[in-house]
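For reference, the chains in residue letters:
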Amino acid sequence: MIMKLEIKNLHATIGDREILKGLSLEVPKGEVHAIMGPNGSGKSTLSKVLAGHEDYQVTGGEALMDGRNLLEMGIDERSREGLFLAFQYPVEIPGVSNANFLRAALQARLPKGEQIDAVKFYQHLYQKMDMLKMDRSFTARSVNEGFSGGEKKRNEILQMAMLEPKYAILDETDSGLDIDALKIVADGVNAMRGPDLGVLVITHYQRLLDYIRPDVVHVLADGRIIRTGGPELALELEEKGYDWLLKAA
Ligand code: ADP
Ligand code: MG
């Protein structure tokens, strides 16, 4: 089987405006890739399209996960099949405790009739929370409700650690992430790095990549990947900005 996330010539629109204009890239399982690009280039659009966000229309191309057509799957199915998406502003779910939320998500992945073992679930949960240095009180609190920005980030990484996705897409774009939140994301990703996980980190700033060293860096501009290179490409962009690449494209 082909073990990778493959995006081939993807076109997507919002309203009557085309945002993704033939985007292609591949993230093999076990690798960490970064997408960088100027504001408005379509980075968040890509993550939302892959999540199945209803505002976006796919007008061409393909997205495959281990050879299977992602775009034909329902939103829940994408997640059950092993795709994890973290957005910059995680949703709050009042009235649903963190522990129950995670338990329900894991339960949904089991074959019909099989039940989660509560003792094992909490062992697993506490182990991951310890790894992320999260206080146990967060198990009983409503998902993200009243959490600080850093606590939301940590919680998002906890969800990722519990769900053990095959591929994770982390949109950390634009502003807003302070250095502590960046480190939380980076520590979590680094702790989970391994042969069974492919990661696509979307970021406007090179800063995050000081902590998560990507195997490959892609540059997105105006809805297309215009350059792919090694980790040194991120440093070059930090130094020179995007203009030289845009002119060359
Ligand atoms: P990035 O994450 O790279 O900064 P986005 O994917 O958020 O870029 O946005 C790409 C383009 O799509 C921008 O020009 C933005 O204004 C436009 N866009 C995003 N969301 C919407 C929307 N809901 N309606 C109209 N245009 C949108
Ligand atoms: Mg964005």
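In case you missed it, the structure is sitting above this.
Note that the coordinates shown come from a computational prediction; the quantities given were computed from them, not determined experimentally.

## With respect to the pairing of strand β3 (residues 32-36)
Step number 1: Taken across its 5 residues, β3 has 5 buried, putting it largely inside the fold.
Step number 2: The alternating pattern of β3 places V32, A34 and M36 and H33 and I35 on opposite faces, both of which are buried.
Step number 3: In this sheet, strand β10 (residues 198-202) lies alongside β3 in parallel orientation, the contact comprising 4 bridges. Paired with H33 across the strands is L200, a residue of β10.
Step number 4: Here β3 runs beside strand β11 (residues 216-221); their pairing, made up of 4 bridges, is parallel. The partner of M36 across the bridge, within β11, is V219.

## Description of the environment of M73
Step number 1: Relative to the helices and strands, M73 resides in the loop between β5 (68-69) and α2 (75-80).
Step number 2: M73 sits in the buried class, given a relative accessible area of 7%.
Step number 3: With 22 residues separating them in the primary sequence, M73 and A51 have C-alpha atoms 9.9 Å apart.
Step number 4: Residues within four places of M73 in sequence aside, it is in contact with R68, R78 and E81.

## Examining the sheet that holds strand β1 (residues 4-14)
Step number 1: If you trace the 4 strands from one edge of the open sheet to the other, you get β2-β1-β4-β5, paired in antiparallel fashion. Taken across any chain shown, the strands that pair with only one partner, and hence form the sheet edges, are β2 (17-28) and β5.
Step number 2: By the bridge criterion, 9 bridges tie β1 to β2 in an arrangement that is antiparallel. Bridge pairing in β2 links I14 to R17.

## A closer look at the site of ligand 1
Step number 1: Around ligand 1 sit 13 residues in total, of which R17, G40, K43, S44 and T45 are the nearest.
Step number 2: The backbone of S44 places a nitrogen or oxygen atom 2.9 Å from an oxygen atom of ligand 1.
Step number 3: Looking at the shell around ligand 1, the elements with two or more residues in it are β2 and α1 (43-51).
Step number 4: At 3 residues, the largest contribution of residues to the shell around ligand 1 is made by α1.
Step number 5: Among the residues forming the shell around ligand 1, the class breakdown is 4 nonpolar, 6 polar and 3 charged.

## As for the sheet that holds β11
Step number 1: Reading across from one edge, β6-β9-β10-β3-β11-β12 is the order of the 6 strands in this open sheet, with mixed pairing throughout. The strands lining the two open edges of the sheet, one partner per strand, are β6 (83-86) and β12 (224-229). Averaged over neighbouring strand pairs, the angle between their axes works out to 20° when direction is ignored.
Step number 2: Along the sheet face, helix α8 (residues 232-240) touches β3, β11 and β12 and points at about 45° away from the line of β11.

## Focus on the packing of helix α3 (residues 98-107) against helix α5 (residues 149-163)
Step number 1: Their axes nearest at 10 Å, the elements α3 and α5 cross at an angle of 35°. Where α3 crosses over α5, the handedness of that crossing is right-handed. Each of N98, F101, L102, A105 and L106 in α3 lies in contact with α5, whose residues at this interface are N155, L158, Q159, M162 and L163.
Step number 2: Of the residues assigned to the contact of α3 with α5, the class counts are 7 nonpolar, 3 polar and no charged.

Reading guide: rules and limits
- Residues numbered from 1 in each chain as written.
- Chains lettered and ligands numbered in written order.
- Predicted model: local features only at pLDDT ≥ 70, side-chain atom pairs only at ≥ 80, totals over all residues.
- Heavy atoms only, no water.
- Buried < 20%, exposed > 50% of the residue type's maximum accessible area, 1.4 Å probe, protein only.
- Helix = DSSP H or I, 4+ residues; strand = E, 2+ residues; numbered from the N terminus.
- Pairing = 2+ DSSP bridges.
- Contact = heavy atoms within 4.5 Å.
- Near = heavy atom within 4 Å.
- Polar contact = N/O pair within 3.5 Å; in protein donor to acceptor, adjacent residues only side chain to side chain.
- Nonpolar A, V, L, I, M, F, W, Y, C, P; charged D, E, K, R; others polar.
- Axes fitted to C-alpha atoms, helices over the stretch in contact; angles between N-to-C directions.
- Left-handed = near helix turned anticlockwise from the far one by under 90°.

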